[in-house]
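The lines below spell out each chain.
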Amino acid sequence: QVQLVESGGGLVQPGGSLRLSCAVSGSVFSIYAMTWYRQAPGKQRELVASITSGGSTNYADSVKGRFTISRDNAKNTVYLQMNSLKPEDTSVYYCKARVRVIPQSTVYDYWGQGTQVTVSS
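Please read these numbers as outputs of a predicted model, since none were measured by experiment.

### Looking at the overall build of the chain
And step 1. Tallying secondary structure elements over the chain gives zero helices and 11 strands in all.
And step 2. Listed by position from the N terminus, the elements making up the chain come as β-β-β-β-β-β-β-β-β-β-β.
And step 3. By the compact-globule yardstick of 14 Å for 121 residues, the chain fits well, its C-alpha radius of gyration being 14 Å.
And step 4. For the chain, the share of sequence-separated contacts (at least 6 apart) that also reach a separation of at least 24 residues comes to 55%.
And step 5. Only carbon and sulfur atoms are counted for the fraction: they give 47% of the accessible area of the chain, which is about 6,500 Å².
And step 6. The average position of the 12 basic charges and that of the 7 acidic charges among the side chains of the chain differ by 4 Å.

Spelled out as structure tokens, the structure:
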């Protein structure tokens, strides 16, 4: 059974930094794109950043230059380094991993449970 476990959220002052982690556990054959999303109360979930298995990255305009996504394929873990945080970054952050469990099987998307990030003075 594949599970994604996020960590690193919390309360931080504006201008501060946090580093989120998302580890994929269970029996997996391949992990393809890994993506961070966020959802604020009353708003739709939005893509924050994604990274392919080869390391190509993509960012939402609102976080470009402030957030950095990276991954450690040996640890099946994706990270989100968040700098210069703003109150509008306050959200629950979710990670998603596109996974193939066994060779030639269907690829599925798996989600983490979310971690709260609150930016406030």
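Structure's up, so let's keep going.
### A few points about the pattern of salt bridges
And step 1. Applying the stated criterion across every chain yields a total of six salt bridges.
And step 2. Linking Arg38 and Glu46 is a salt bridge whose minimum nitrogen-to-oxygen distance equals 2.6 Å.
And step 3. Here Arg38 falls in the buried class, since its relative accessible area comes to 5%.
And step 4. Its relative accessible area of 35% is what places Glu46 among the partly exposed residues.
And step 5. Across the pair Asp89 and Arg38 runs a salt bridge whose closest N-O atoms are separated by 2.9 Å. Placement of Asp89 in the loop between strand S8 (77–82) and strand S9 (91–100) and of Arg38 in strand S4 (residues 30–39) is noted, with a sequence separation of 51 residues between them. Both residues of the pair, Asp89 and Arg38, belong to the buried class.

### A word on the pairing of strand S10 (residues 107–111)
And step 1. Pairing between S9 and S10: five bridges, direction antiparallel. Bridge pairing in S10 links Ala97 to Tyr110.
And step 2. Hairpin remark: S9 followed by S10, antiparallel, with six residues in the connecting loop; positive phi at Gln104, about 65°.

### Considerations on the sheet that holds strand S7 (residues 67–72)
And step 1. One open sheet holds the four strands; their spatial order is S1-S3-S8-S7, and the pairing between them is antiparallel. The open sheet has two edge strands with one neighbour each: strand S1 (3–7) and S7. On average, each strand axis in the sheet is inclined to that of its neighbour by 15°, with strand direction left out of account.
And step 2. Pairing geometry for S1 and strand S3 (residues 18–25), over five bridges, is antiparallel. Bridged to Glu6 within S3 is Cys22.

### A short note on the state of the cysteines
And step 1. In total, this model carries one disulfide according to the counting rule given.
And step 2. Paired through a disulfide, Cys22 and Cys95 show a sulfur-sulfur distance of 1.9 Å. Looking down the S-S bond of the Cys22 and Cys95 bridge, the torsion is 50°, so its handedness is right-handed. Linking Cys22 in strand S3 with Cys95 in strand S9, this pair joins segments that are 73 residues apart in sequence.
And step 3. Classification of Cys22 by relative accessible area gives buried; the value is 0%.

About the thresholds
The written sequence of each chain sets the order in which its residues are numbered from 1. In view of the model being predicted, local features appear only for residues whose pLDDT reaches at least 70, and side-chain atom pairs are presented and counted only at 80 or more, with totals across whole chains, interfaces and linings using the full set of residues. For side-chain calculations, the full set of non-hydrogen atoms in the structure is used, while hydrogens and water are omitted. Each helix is a run of H or I in the DSSP string that is no shorter than four residues. Each strand is a run of E no shorter than two, and both are numbered from the N terminus. Atoms considered for the radius of gyration are the C-alpha atoms alone. The globule rule reads 2.2 Å times the number of residues to the power 0.38. Two residues qualify as a contact provided that any one of their heavy atoms is within 4.5 Å of a heavy atom in the partner residue. For the area figures, the Shrake-Rupley method with a 1.4 Å probe applies, and any residue is considered shielded solely by the protein chains shown. We count Lys and Arg on the positive side and Asp and Glu on the negative side, and we leave His and both chain ends out. Just so you know, the charge point we use is NZ for Lys, CZ for Arg, CG for Asp and CD for Glu. Salt bridges are defined by distance alone: a side-chain nitrogen of Lys or Arg within 4 Å of a carboxyl oxygen of Asp or Glu. Summary of the burial criterion: residues with accessible area below 20% of their type's maximum are buried, those above 50% are exposed, and those between are partly exposed, where the area comes from a 1.4 Å probe applied to protein chains only. Two strands qualify as a pair provided that DSSP identifies no fewer than 2 bridges between them. Every axis corresponds to a line fitted to the C-alpha atoms, with the helix fit spanning only the stretch in contact, and the corresponding angles, defined between N-to-C directions, vary from 0 to 180 degrees. The disulfide definition used here is simple: a pair of cysteine sulfur atoms within 2.5 Å.

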